[in-house]
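# Notes for the structure review
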Amino acid sequence: MSKPTLPRVAILGAGPIGLEAALYAKSLGHPVTVYEANAPGAHVERWGFLRMFTPFGMNVTPLGLAALLRDAPDRELPADTDLITGKEFRDAYLAPLAESSALRGLVQPQTRVVAIGRAGWRKGEPADPKKPLPPFRLLVRDPRGVERFDAADVVLDCTGTLGRPNWVGDGGIPAVGEVAARQHAAYWPEDVRGARTGHYAGKSVLVIGAGYSAATAVCELATLAEVHQATWVIWLTNGPRTQPLGRIGGDPLKERDRLAARANSLAMRCDGNLEYHPQAMIDELVCGGPDQGFRVAARLAGKPTTWDVERVIANVGYRPDLSACAELRVGEPAGRVETDEPGYFILGAKAKGRDSNFLIQDGHAHVRRTFAVVAGKPGLDLYAKKAA
Ligand SMILES: Cc1cc2nc3c(=O)[nH]c(=O)nc-3n(C[C@H](O)[C@H](O)[C@H](O)COP(=O)(O)OP(=O)(O)OC[C@H]3O[C@@H](n4cnc5c(N)ncnc54)[C@H](O)[C@@H]3O)c2cc1C
């Protein structure tokens, strides 16, 4: 008797979690395709100049390590305790995994999934409970821009959130002028003391945000100002706290805690070349054109204030892009991998929705949970099996 065929799995995104999901699916015997709009690990590469808070051993799995060492038993990998940069992680782990014999032929780089529906079904139509659901139908755009349809029984959306930065305006909507100014401000981490020094040294820079990325920008700019003394930093956060960053009591990630402590201390002292304003509700972010500076208007604890600055760094987080699955029963994710669309799962950073406190380790748990649900075996855990 021939073995029953397992569901075909389509994985969107070859970041740390998409690649891990592909290894897991392959190990279980599923037919798998991974679609990656850019290069594998592209989002990690984007902030790759930063040192990670989590040690290498927390970012990898037994499946991933086994796949790499199977191809090259003498491969030198970072030690489990090493704190490497995002780029080093991409180069040492993600890129070789995408090219490993375990995933050979399964990862399609520069291939974007544009839209997903179900064959012969439209959103809003009642589904016949007696019939199996029709397969997913994926509109895919290949590296030459040619479009085609692919089919899958299970879709794992591992597309992250980095592609869609939040707006700075009060209420989560754009401030006046922000839509046009977007291309001139920085919404992703900036390599302030590396490749982008020339852009920031000696400039007035307004930083918006109360997370670790904004804190990193502020600390790096403060260090830059020690050498380039005309550098002036204005830091706006919307929280009510007197200190910009909440510290995690007994944070096991020491570098993360050190960053929060340093940023808070800079904000509280407000010495050197930095001013800090909490409770800032931003109403206007207008740019005069390339290199023409910005006018930013906000209410500080209700009091209208404006600034004219040369640079703006808006590190205000990211949100999930749900446009590709708009024709499915998929709502904004908030921590669960399951969605209302049977067979459609959201894993990795995107599963947390707008909550930026995601670690790669959380995504490995998503992978394990998803395949336990797909297999209908709550105890299924390849990591436990490999570790035994
Ligand atoms: C500055 C910063 C520092 C961080 N530091 C750490 C850390 O130290 N430790 C830690 O554990 N975590 C850290 N994180 C969090 C987390 O590790 C990353 O966000 C991680 O990249 C999330 O992995 P992911 O696989 O879910 O998604 P991503 O890495 O975001 O990958 C998504 C992939 O999907 C692709 N894609 C998007 N849309 C489509 C589409 N329609 N079709 C096909 N492909 C698509 C993208 O090109 C991308 O390659 C950090 C995050 C940031 C922003």
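All figures in this text were calculated on a predicted structure; none of them were measured in a lab. (Residues numbered from 1 in each chain as written. Predicted model: local features only at pLDDT ≥ 70, side-chain atom pairs only at ≥ 80, totals over all residues. Heavy atoms only, no water.)

### As for the site of the ligand
As a matter of local geometry, the ligand sits amid 30 residues, with Glu36, His43, Phe53, Thr54 and Ile360 nearest to it. Separating an oxygen atom of the ligand from a backbone N or O atom of Phe53 is a distance of 2.7 Å. With respect to the ligand, the side chain of Thr54 contributes an N or O atom lying 2.7 Å from a nitrogen atom. When the ligand is considered free in solution it has 990 Å² of accessible area, and contact with the protein chains removes 90% of it. Here the shell around the ligand takes 3 residues from helix α2 (residues 42-46), the largest share from any one element. Looking at the shell around the ligand residue by residue, the class counts come to 18 nonpolar, 10 polar and 2 charged. (Near = heavy atom within 4 Å. Polar contact = N/O pair within 3.5 Å; in protein donor to acceptor, adjacent residues only side chain to side chain. Areas by Shrake-Rupley, 256 points an atom, 1.4 Å probe, with all protein chains shown as cover. Helix = DSSP H or I, 4+ residues; strand = E, 2+ residues; numbered from the N terminus. Nonpolar A, V, L, I, M, F, W, Y, C, P; charged D, E, K, R; others polar.)

### Focus on the domain arrangement of the protein
Note: interface size is frequently given as the accessible area lost on complex formation between the parts. According to the domain assignment, the protein contains domain 1 (9-162 + 319-387) and domain 2 (170-314). Each of domain 1 and domain 2 has a C-alpha centre, and the two are 32 Å apart. At the interface, 13 residues of domain 1 touch 11 residues of domain 2. Carbon and sulfur atoms supply 73% of the area that domain 1 and domain 2 bury against each other, a total of about 1,000 Å² over both sides. Among the residues of domain 1 in contact with domain 2, Arg46, Phe49 and Phe53 are the three that bury the most area, contributing 55% of the side total. On inspection of domain 1 and its partner domain 2, the count reaches 0 salt bridges. The interface formed by domain 1 and domain 2 includes 2 residue pairs in polar contact (both at pLDDT 80 or more). Classifying every residue of the side of domain 1 that touches domain 2 gives 9 nonpolar, 2 polar and 2 charged. (Domains from an automatic or database assignment. Contact = heavy atoms within 4.5 Å. Buried area = accessible area lost by both parts, 1.4 Å probe. Salt bridge = Lys/Arg side-chain N within 4 Å of Asp/Glu carboxyl O.)

### Observations regarding helix α9 (residues 254-269)
Between its first and last C-alpha atoms α9 spans 22 Å; for 16 residues at 1.5 Å apiece the expected length is 22 Å, and the two agree. Taken together, the buried positions of α9 are occupied by Arg256, Asp257, Leu259, Ala260, Ala263, Asn264, Leu266 and Ala267. Close packing links the buried residues of α9 with α8 (212-227), β9 (232-236) and β10 (274-277). Directly after α9, the chain includes Cys270, whose backbone phi takes a positive value near 50 degrees. (Expected span 1.5 Å × (residues − 1). Buried < 20%, exposed > 50% of the residue type's maximum accessible area, 1.4 Å probe, protein only.)

### Describing the nonpolar core
The biggest cluster of nonpolar side chains holds 43 residues, and the ones touching the most others in it are Ile11, Phe89, Tyr93, Leu156, Leu347, Val367 and Phe371. Within the residue set of this core, elements represented by two or more residues are β1 (9-12), α1 (16-28), β2 (32-35), α4 (62-71), α5 (86-98), β7 (154-157), α10 (360-375) and α11 (382-387). Top element by residues in this core is α1. It accounts for 7 residues. Beyond its immediate stretch of four places on either side in the chain, Phe89 contacts Pro16, Val44, Met52, Phe56, Asn59, Val60, Ile84, Leu94 and Ile360. Core analysis: the next-biggest nonpolar cluster, separate from the first, contains 26 residues, Ala201, Trp235, Leu259 and Leu266 among them. (Core = buried A, V, L, I, M, F, W, Y, C linked by side-chain atoms within 4.5 Å.)

### Section: the packing of α1 against α10
In the contact formed by α1 and α10, the axes pass within 9 Å of each other and the chain directions differ by 30 degrees. The orientation of α1 relative to α10 falls into the category roughly parallel. For the crossing formed where α1 meets α10, the hand is right-handed. Judged by residue contacts, Pro16, Ile17, Glu20, Ala21, Tyr24, Ala25 and Leu28 of α1 engage Ile360, Gly363, His364, Val367, Arg368 and Phe371 from α10. Its residues placed into classes, the contact of α1 with α10 shows 9 nonpolar, 2 polar and 2 charged. (Axes fitted to C-alpha atoms, helices over the stretch in contact; angles between N-to-C directions. Parallel < 35°, antiparallel > 145°, perpendicular 65-115°, else oblique. Left-handed = near helix turned anticlockwise from the far one by under 90°.)

### Remarks on the sheet that holds strand β12 (residues 294-300)
Strands in a sheet are paired, the pairing made by backbone hydrogen bonds, and the direction either parallel or antiparallel. Here we have 3 strands laid out as an open sheet, ordered β11-β12-β13, and antiparallel in their pairing. Each edge of the open sheet is held by one strand with a lone partner, namely β11 (280-287) and β13 (303-309). When the angles between neighbouring strand axes are averaged without regard to direction, this sheet yields 20 degrees. Pairing geometry for β11 and β12, over 7 bridges, is antiparallel. Counterpart to Ile282 in the pairing with β12 is Ala298. (Pairing = 2+ DSSP bridges.)

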